[in-house]
Amino acid sequence: MSKPKILFYPAGYSGCAWWRIRNPVEALRRNYNDFEYIVIDHSMSREHVTNLCLEANLAILQSPGSIEGRMTIENHLLNVYLHGSKVSDAVPVLIDYDDYSFDLSPVNPRYKDLGTKEVILKDKNGKEKWLWKNGHMGFDLQSNIARYGQFCRCVWQASGVTTTTEYLAGKFQRFNPNVFVLPNSIDFSKWGAIPRPDKTKNEIRIGWFGGDSHLNDLLAIKDIFQLIINKYNNVKLVFIMPTPWPILDGIPRERVEIYPWTSLELYPLFLASMHWDIGLVPLSTQESDIEFNMCKSNIKWLEFASMGVPAVMTDIIPHANTVEHGSNGILVRNDILVRNDILVRNDGFLGAVCELIEDANKRIKIGQNAYQTCRESYDLDKNCKIWYDLYTKMLDTKKTFWSTQCENDLMMPLRNAEKSSALMLQT
């Protein structure tokens, strides 16, 4: 008897696909061989993909409707599974989202492809300028609204939605009652610390890493860097970012190391080679950012924890409900105020980082505890059973369509987007 076939369509070769599809599939193959796991390769022909669809017993689609550049094969899959094809009556379909893509801050670069309102910036003097205007700099409002509509239909029509956290699950439960949490987890066959070179042993290496969409998060604590460099001669800032940002202007070059991103295959080793002593995980709590940030997972803390690096984090979900303050991490507010190069108020990051710089024993203890927590609760070889149990359950479940009222509730933001005026953003 042939094994049931589970078909996965990842979001390309992105980091999201690596965490949410490719790594879990590897772990499932190692631990549960009673299913056949098929991952669609984007070089496959449409005919081949169609045959795989027709043979599959369960389909997992990642972020349909919210990833640009995937529309040809994605629309084909959606037509096969969700938009009236006979096969969809027999094949349950799960869709996976790791964030709430259509609640983005306008300063997030992805807003260009996912924003459903034009945006005007207004500075403190009342001067206005366009940030996002339809037809300018690749911002196509109608295409984005159509993409949002596809996102809505997918959430409504799917057999279920999988996501990273309980908080994010709550965002989707209004629209689809079958929402399941599959927590981001660490593959310890890839992650861990590596021996440290002698030349860095006298340094305190403070680390941060993130892409363009995390600029606002780093801006939330930008004032601490110059203060720390001025106070401690043995501190070095070791950051991974797409390009050197002006945040670090004025800091002596020898006190900073900046690295570009690397391939996902080398990513865990690359992070370990930074030899960080302290990790920074700030999240912007500005009104335009906080809800989107609360929908994130604790993945950056997990990455630091997997290497035994103690981290200082903004004290909001997703950290506030998963990290034990003072034990396996430090939770603080972003509050810091500097005027004319004088520290006026500090209730957060600066004090916590200084304490870790000055207390090696505390650094080591928190790092060890974080690693232990990660090993016990976020080991992918253990947690992949959550995936396996869900897929086993779904294989016995027929696809269900939800009520017209549920669809109406889901599509309301789309109708509002079509009618709304530009969003005014205060700077």
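One numbering rule holds for all chains: residues counted from 1, following each sequence as written. Given that the model is predicted, a residue must reach a pLDDT of at least 70 before its local features are reported, and side-chain atom pairs must reach 80 or more before they are shown or counted; all residues, however, enter totals for whole chains, interfaces and linings. The basis for every side-chain value is the complete set of heavy atoms in the structure, and neither hydrogens nor water enter the calculation.

A. Spotlight on the packing of helix H8 (residues 223–231) against helix H12 (residues 349–358). Two elements in contact, H8 and H12, have axes separated by 10 Å at closest approach and are oriented at 30°. Classified by the angle between their axes, H8 and H12 sit roughly parallel to one another. The handedness of the crossing between H8 and H12 comes out as right-handed. Here Ile-224, Leu-227, Ile-228 and Lys-231 of H8 come into contact with H12, specifically with Phe-349, Leu-350, Val-353, Cys-354, Ile-357 and Glu-358. Under the scheme applied, nonpolar residues are Ala, Val, Leu, Ile, Met, Phe, Trp, Tyr, Cys and Pro; charged residues are Asp, Glu, Lys and Arg; polar residues are all the others, including Gly. When grouped by side-chain class, the residues that make up the contact of H8 with H12 number 8 nonpolar, no polar and 2 charged. To obtain an axis, a line is fitted to C-alpha atoms, over the contacting stretch when the element is a helix, and the angle between two such axes runs from 0 to 180 degrees between their N-to-C directions. Here a helix means four or more residues in a row that DSSP labels H or I, a strand means two or more in a row labelled E, and each is numbered from the N terminus. Angles below 35 degrees are treated as roughly parallel, those above 145 as roughly antiparallel, those between 65 and 115 as roughly perpendicular, and all remaining angles as oblique. We call a crossing left-handed when the near helix sits turned anticlockwise from the far one by less than a right angle, and right-handed when that turn is clockwise. Here a residue-residue contact requires only that any non-hydrogen atoms of the pair lie within 4.5 Å.

B. How the structure looks around the sheet that holds strand E14 (residues 330–332). The strand order across the open sheet built from 6 strands is E11-E10-E9-E12-E13-E14, with neighbouring strands paired in parallel fashion. If you trace the sheet from one side to the other, it starts and ends with strand E11 (256–259) and E14, each paired once. Averaged over all pairs of adjacent strands, the angle between their axes in this sheet comes to 20°, without regard to strand direction. We treat two strands as partners when DSSP finds at least two bridges between them. With 4 bridges connecting them, strand E10 (residues 235–240) and E11 associate as parallel partners. Note on E11: the bridge partner recorded for Leu-237 is Val-256. Lying over the sheet, helix H11 (residues 299–306) contacts strand E9 (204–209), strand E12 (278–281) and strand E13 (311–314), oriented at roughly 175° with respect to E12.

C. Representation of a nonpolar patch on the surface in the model. The patches described consist of residues with a relative accessible area above 30% and no salt bridge, like charges being joined within 9 Å and nonpolar side chains (Val, Leu, Ile, Met, Phe, Trp, Tyr) within 5 Å. Here, Shrake-Rupley sampling with a 1.4 Å probe gives the accessible areas, and only protein chains in the shown set may cover a residue. When a carboxyl oxygen of Asp or Glu lies within 4 Å of a side-chain nitrogen of Lys or Arg, that pair is called a salt bridge. Where nonpolar side chains cluster on the molecular surface, the patch consists of Ile-194, Leu-266 and Leu-269 and spans about 260 Å² of accessible area. Position of Leu-269 among the secondary structure elements: in helix H9 (residues 267–272).

D. Quick peek at the sheet that holds strand E7 (residues 160–163). Ordered in space as E2-E1-E3-E4-E7-E8, the 6 strands form an open sheet in which the pairing is parallel. Looking at the sheet topology across the chains shown, the edges are occupied by strand E2 (36–39) and strand E8 (179–181). The mean angle between the axes of side-by-side strands here comes to 20°, regardless of whether they run parallel or antiparallel. With 4 bridges joining them, strand E1 (residues 5–9) and strand E3 (residues 58–62) adopt parallel strand pairing. Bridging from a neighbouring strand, Leu-7 pairs with Ala-59 of E3. Sitting on the sheet, helix H6 (residues 166–173) is in contact with E7 and E8, with an inclination near 170° to E8.

E. Summary view of helix H14 (residues 380–395). With 16 residues, H14 extends 22 Å between its outermost C-alpha atoms, agreeing within 8% with the 22 Å of an ideal straight helix rising 1.5 Å per residue. Buried means the residue's accessible area, taken with a 1.4 Å probe over protein chains only, is under 20% of the maximum for its type, while exposed means over 50%, and partly exposed covers the values in between. All of the buried residues in H14 are Leu-380, Asn-383, Cys-384, Trp-387, Tyr-388, Leu-390, Tyr-391 and Met-394. You can read the cap of H14 off the contacts: a side-chain oxygen lies 3.0 Å from the backbone nitrogen of Asp-381, and it is on Asp-379. To estimate how far a helix should extend, the number of its residues minus one is multiplied by 1.5 Å. The definition of a polar contact used here is a pair of N or O atoms within 3.5 Å, where within protein one atom must be able to donate a hydrogen and the other to accept one, and adjacent residues in sequence count solely through side-chain atom pairs.

Nothing here speaks to function; it is all geometry.
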